[in-house]
Amino acid sequence: MGLRYAFYTGCSAKGVAPELYNSTKLVAEKLGMELIELEAATCCGAGAVQEKDEFLALTINARNLALAEEVDADLLTICNTCTMMLRETKFKLDNDPELKEAVNEVLKEAGLEYKGTSEITHFLWEVIDGVGIDNLKAMVVRPLEEFNIAPFYGCHIIRPPYLIGYEDPDNPKSLEMVIEAVGGKPVDHEAKLACCGFHSFWSAEDKVTLKLTAMDAQSAKKEQADFMVTPCPLCHTQLDAMQEEAEQKIGVKLGIPILHLPQMIGLALGFKPKELGLDKHVISTEEIIRKVA
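Residues numbered from 1 in each chain as written. Predicted model: local features only at pLDDT ≥ 70, side-chain atom pairs only at ≥ 80, totals over all residues. Heavy atoms only, no water.

Some remarks on the environment of phenylalanine 123
- Relative to the assigned elements, phenylalanine 123 resides in helix α7 (residues 123-139).
- Residue classification places phenylalanine 123 among the buried positions, given a relative accessible area of 1%.
- For phenylalanine 123 and isoleucine 289, which are 166 residues apart along the polypeptide, the C-alpha to C-alpha distance reads 24 Å.
- When residues no more than four places from it in sequence are discounted, the contact partners of phenylalanine 123 are Thr24, Val27, Ala28, Leu31, Met33, Leu76, Thr77, Ile78, Leu261, Pro262 and Ile265. (Helix = DSSP H or I, 4+ residues; strand = E, 2+ residues; numbered from the N terminus. Buried < 20%, exposed > 50% of the residue type's maximum accessible area, 1.4 Å probe, protein only. Contact = heavy atoms within 4.5 Å.)

A word on helix α6 (residues 97-107)
- Along α6, the residues that are buried comprise Val103, Asn104 and Leu107. Projection of α6 onto a plane perpendicular to its axis shows the buried side chains occupying an angular sector of 100 degrees, all on one side. Facing away from the buried side of α6 by over 90 degrees, the exposed positions are Glu98 and Glu101.
- If you follow the buried residues of α6, they end up packed against α4 (54-70) and α5 (80-94). (Arc of directions from axis to C-beta.)

Observations regarding the packing of aromatic side chains
- Here the structure, examined in full by the defined rule, presents 4 aromatic pairs.
- Aromatic pair phenylalanine 91 and tyrosine 162: ring centres 5.3 Å apart, planes at 70 degrees, arrangement edge-to-face. Taken together, the residues phenylalanine 91 in helix α5 and tyrosine 162 in the loop between β5 (148-151) and α8 (174-181) connect sequence positions 71 residues apart.
- With relative accessibility at 55%, the residue tyrosine 162 sits in the exposed group. (Phe/Tyr/Trp six-rings, centres within 6.5 Å; stacked < 30°, edge-to-face > 60°.)

A short note on the pairing of strand β2 (residues 34-37)
- By the alternation rule, side chains of β2 split into Leu35 and Glu37, which are all buried, and Glu34 and Ile36, of which none is buried.
- Inspection of the sheet shows strand β1 (residues 4-8) paired to β2 by 4 bridges, in the parallel sense. Of the residues in β2, the one forming a bridge with arginine 4 is glutamate 34. (Pairing = 2+ DSSP bridges.)

Things to note about the nonpolar core
- Residues Phe123, Val178, Met264 and Ile265 are the most contacted members of the largest nonpolar core, which totals 87 residues.
- The greatest single-element share of this core, amounting to 8 residues, is contributed by α7.
- Apart from residues lying up to four places away in sequence, valine 178 is in contact with Leu124, Val127, Ile128, Ile133, Leu136, Leu261, Met264 and Ile265.
- Listed in part, the 6 residues of the second largest apolar core include Leu210, Ala217, Met242 and Ala246. (Core = buried A, V, L, I, M, F, W, Y, C linked by side-chain atoms within 4.5 Å.)

Side note on the pairing of strand β3 (residues 74-77)
- The pairing of β1 with β3 spans 4 bridges and is classified as parallel. For tyrosine 5, the partnering residue across the bridge sits in β3 and is aspartate 74.
- When β3 meets strand β4 (residues 120-122), the two strands line up parallel, connected through 3 bridges. By the bridge assignment, leucine 75 is partnered in β4 with isoleucine 120.

A look at the packing of α7 against helix α12 (residues 261-268)
- At a minimum axis separation of 13 Å, α7 and α12 run at an interaxial angle of 15 degrees. The orientation of α7 with respect to α12, classified from their angle, is roughly parallel. Judged by the twist between their axes, the crossing of α7 over α12 is left-handed. Within the contact between the two elements, α7 uses Phe123, Leu124, Val127 and Leu136 and α12 uses Leu261, Pro262 and Ile265. (Axes fitted to C-alpha atoms, helices over the stretch in contact; angles between N-to-C directions. Parallel < 35°, antiparallel > 145°, perpendicular 65-115°, else oblique. Left-handed = near helix turned anticlockwise from the far one by under 90°.)

Some words on the sheet that holds strand β8 (residues 258-260)
- Ordered in space as β6-β5-β7-β8, the 4 strands form an open sheet in which the pairing is parallel. Sheet topology places β6 (185-186) and β8 at the edges, where each strand pairs with a single neighbour.
- The strands touched by α12 are β5, β7 (227-230) and β8; relative to β8, the strand with the most contacts, the crossing angle is about 85 degrees.

Description of the pattern of salt bridges
- Taken as a whole and assessed by the stated rule, the structure comprises 12 salt bridges.
- Note that lysine 92 and glutamate 54 form a salt bridge whose closest N and O atoms lie 2.5 Å from each other. One end of the pair, lysine 92, is in helix α5; the other, glutamate 54, is in helix α4, and 38 residues separate them in sequence.
- Judged by relative accessible area, which is 26%, lysine 92 ranks as partly exposed.
- Glutamate 54 gets classed as partly exposed once you look at its relative accessible area, which sits at 42%. (Salt bridge = Lys/Arg side-chain N within 4 Å of Asp/Glu carboxyl O.)

Some thoughts on unusual backbone geometry
- In this chain, arginine 159 is followed by proline 160 through a cis amide linkage whose omega measures -5 degrees.
- Note that proline 160 resides in the loop between β5 and α8.
- Notably, aspartate 72 is not glycine yet its phi reads approximately 55 degrees, a positive angle.
- Position of aspartate 72 among the secondary structure elements: in the loop between α4 and β3.
- You can call aspartate 72 exposed: its relative accessible area is 52%.

Spelled out as structure tokens, the structure:
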């Protein structure tokens, strides 16, 4: 069936930062990926629902997966946390027949059934395994050769290994592979596997979150990166929208632009920065825009 996916947008990329959703759609089409948007899907819970009511969280995500099964396609996300929450649901239901039966009793009221036939994958992985690195290289019309690009994986696309398992969680290479494929220079830095702080924002804003955000951006700046790229809209939102407050926390000017993965790929494929929403960012992307103009 080719590169055909049930597209789970998640909340952040469509509601908080719609430029990430729009750029994903543009880039996916250019790459030959057919995205069947699951318009009736709901939030994955992002860990908050799971903490309050695990059965409810399993049920809402089983419903999301059942919607993907209805269109007979694997579910594709563009968010690390959505990936982990959905894969956790699949893992638990596929390994506990009684739990699966209990969840399906609830889903029956909506005329749905979770069967376990759809896999959960991420846009990053499908660029590598679906589109293919060589094919991506061949599509590049505007190599990003003058950019030093700092990869930022975030937590949930590499850990925990028993749920994710795509690559070595201590030494992942997928982002670097894509950066090199679009002509950029990957910048190794201390915080590339760190937490952005998003999930602790409301409970520990002053004590933890802003310091994490500052540490991540400072790590990339220290290695003279032109911008950071992340496969997660939650990481993007935290590192972009909260970076100025993080600067105040440590008393250091940072100003590191944050791109979501499809935005970086889109620049190399020839899309204009405005088409990709780079003008919507909190941290200025003017220098990136100037160089690719």
